[in-house]
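So the chains spell out like this:
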Amino acid sequence: VAAGSLRPEGAGLLREAVVARRNLLVSGGTGSGKTTLLNVLSGEVPLAERVVTIEDAAELRLEGHVVRLEARPPNAEGAGEITLRTLVRHALRLRPDRIVVGEVRGPEALELIQAMSTGHPGSMGTVHANGPGEALWRLEILALSGESRPAADAVRRQLYGAIDLVVHMARRGERRVVEAVAEVGGEGLREVYAC
């Protein structure tokens, strides 16, 4: 994240959130700097912690005790596909301290929400959205998009219990900025930082 994209109080807030093992969702549009911010935030994770990264294409550059998992498309015969959802499920067996999903874009959202609320605090992921509220709504829709079809109200309750902060990125000309940070609670979203 370039200089000037985040004021010192915002940087301190995010640093403290990572160290305190709060679950973070980074949202924004295409090219807004979501992955770049995720890389920066991951740099605050203590090196002794075991982190499992899950991505379509490897873009995260974490250091320390990192296990990298990458999705695979099906071959020419339509076999051999490994989805992000499968990788999130298998990541739980690798005894991670934290799980980092490069971009949530399908039903793997449900497994990520469950991982965040069942013993993997400090996990992170990114999602395409136009603001913090839309990011939670989008994650909920993605979690409901799988075959299992869980009850929407149950997913929403689990989502609001799993995510602690939504960090929204925006592109302003050539600059990418942290536009807002919102805290997630039972009452909804409360903005705690704005650019």
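A quick note: this is a predicted structure, and the numbers were derived from the prediction, not measured.

(A) Just the packing of helix H5 (residues 132-143) against helix H6 (residues 152-162), in detail. In the contact formed by H5 and H6, the axes pass within 10 Å of each other and the chain directions differ by 130°. By the criterion of interaxial angle, the relationship of H5 to H6 is oblique. Pair H5 / H6 crosses with right-handed handedness. Together, Leu-136, Leu-139, Glu-140 and Ala-143 of H5 and Ala-152, Val-155, Arg-156, Leu-159 and Tyr-160 of H6 make up the contact between the two elements. Split by residue class, the contact of H5 with H6 holds 7 nonpolar, no polar and 2 charged.

(B) Geometry of the pattern of salt bridges. Taken as a whole and assessed by the stated rule, the structure comprises 14 salt bridges. For Glu-147, the salt bridge goes to Arg-85, with nearest N and O atoms at 3.9 Å. Placement of the pair is Glu-147 in the loop between H5 and H6 and Arg-85 in helix H3 (residues 84-91), with a sequence separation of 62 residues. Look at Arg-85 and you get buried, because its relative accessible area is 8%.

(C) Representation of the nonpolar core. One finds Leu-25, Ile-54, Leu-139 and Ile-163 to be the most contacted residues of the largest nonpolar core, which totals 32 residues. Broken down by element, this core gets its largest block of residues, 6 residues, from helix H4 (residues 108-116). Core analysis: the second largest hydrophobic core is formed by 21 residues, Leu-37, Leu-60, Val-100 and Val-167 among them.

(D) Main features of the environment of Ser-27. Structurally, Ser-27 can be placed in strand S1 (residues 24-28). Excluding residues that lie within four positions of it along the chain, Ser-27 makes contacts with Lys-34, Val-127, Ala-129, Gly-131, Pro-132, Ala-135, Val-166, Val-167, His-168 and Met-169. At 2.8 Å, the side chain of Ser-27 and the side chain of His-168 are in polar contact.

(E) Region of interest: unusual backbone geometry. One non-glycine residue, Arg-21, adopts positive backbone phi at about 65°. Tracing the chain through its elements places Arg-21 in the loop between helix H1 (8-19) and S1. Arg-21 sits in the partly exposed class, given a relative accessible area of 24%. Of note, the phi angle at Arg-95 is positive, near 55°, even though the residue is not glycine.

(F) Local environment of the environment of Ala-17. The topology assignment puts Ala-17 in helix H1. Separated by 24 residues in the primary sequence, Ala-17 and Leu-41 have C-alpha atoms spaced 9.3 Å apart. In this structure Ala-17 touches Arg-22, Leu-24 and Leu-165, once residues within four positions along its chain are discounted.

(G) Here's a closer look at H1. For H1, spanning 12 residues, the distance from its first C-alpha to its last is 16 Å, which sits close to the expected 16 Å at 1.5 Å a residue. Taken as a whole, H1 has its buried residues at Gly-10, Gly-12, Leu-14, Ala-17 and Val-18. In the segment just after H1, Arg-21 is the residue with positive phi, at about 65°.

(H) View of H6. Within the span of H6, buried status applies to Val-155, Leu-159 and Ala-162. For H6, the buried positions fall inside an angular range of 70° around the axis, keeping them on one side. Exposed and facing more than 90 degrees away from the buried side of H6 are Arg-157 and Gly-161. If you follow the buried residues of H6, they end up packed against H4 and H5.

(I) Just the side chain of Glu-140, in detail. Within the element layout of this structure, Glu-140 appears in helix H5. Of note is the side chain of Glu-140, whose polar atom sits 2.6 Å from the side chain of Arg-156. Glu-140 has contacts with Ala-152, Val-155, Arg-156 and Leu-159, leaving out every residue within four places of it along the chain.

(J) Inspection of the packing of H4 against H6 at higher detail. The interhelical angle for the contact between H4 and H6, taken along N-to-C directions, is 50°, at an axis separation of 8 Å. Overall, the two elements H4 and H6 adopt an arrangement that is oblique. Once H4 is placed against H6, the crossing between them reads as left-handed. The residues of H6 that touch H4, namely those facing Leu-110, Ile-113, Gln-114 and Met-116, are Val-155, Gln-158, Leu-159 and Ala-162.

Definitions and limits used
Residues numbered from 1 in each chain as written. Predicted model: local features only at pLDDT ≥ 70, side-chain atom pairs only at ≥ 80, totals over all residues. Heavy atoms only, no water. Axes fitted to C-alpha atoms, helices over the stretch in contact; angles between N-to-C directions. Helix = DSSP H or I, 4+ residues; strand = E, 2+ residues; numbered from the N terminus. Parallel < 35°, antiparallel > 145°, perpendicular 65-115°, else oblique. Left-handed = near helix turned anticlockwise from the far one by under 90°. Contact = heavy atoms within 4.5 Å. Nonpolar A, V, L, I, M, F, W, Y, C, P; charged D, E, K, R; others polar. Salt bridge = Lys/Arg side-chain N within 4 Å of Asp/Glu carboxyl O. Buried < 20%, exposed > 50% of the residue type's maximum accessible area, 1.4 Å probe, protein only. Core = buried A, V, L, I, M, F, W, Y, C linked by side-chain atoms within 4.5 Å. Polar contact = N/O pair within 3.5 Å; in protein donor to acceptor, adjacent residues only side chain to side chain. Expected span 1.5 Å × (residues − 1). Arc of directions from axis to C-beta.

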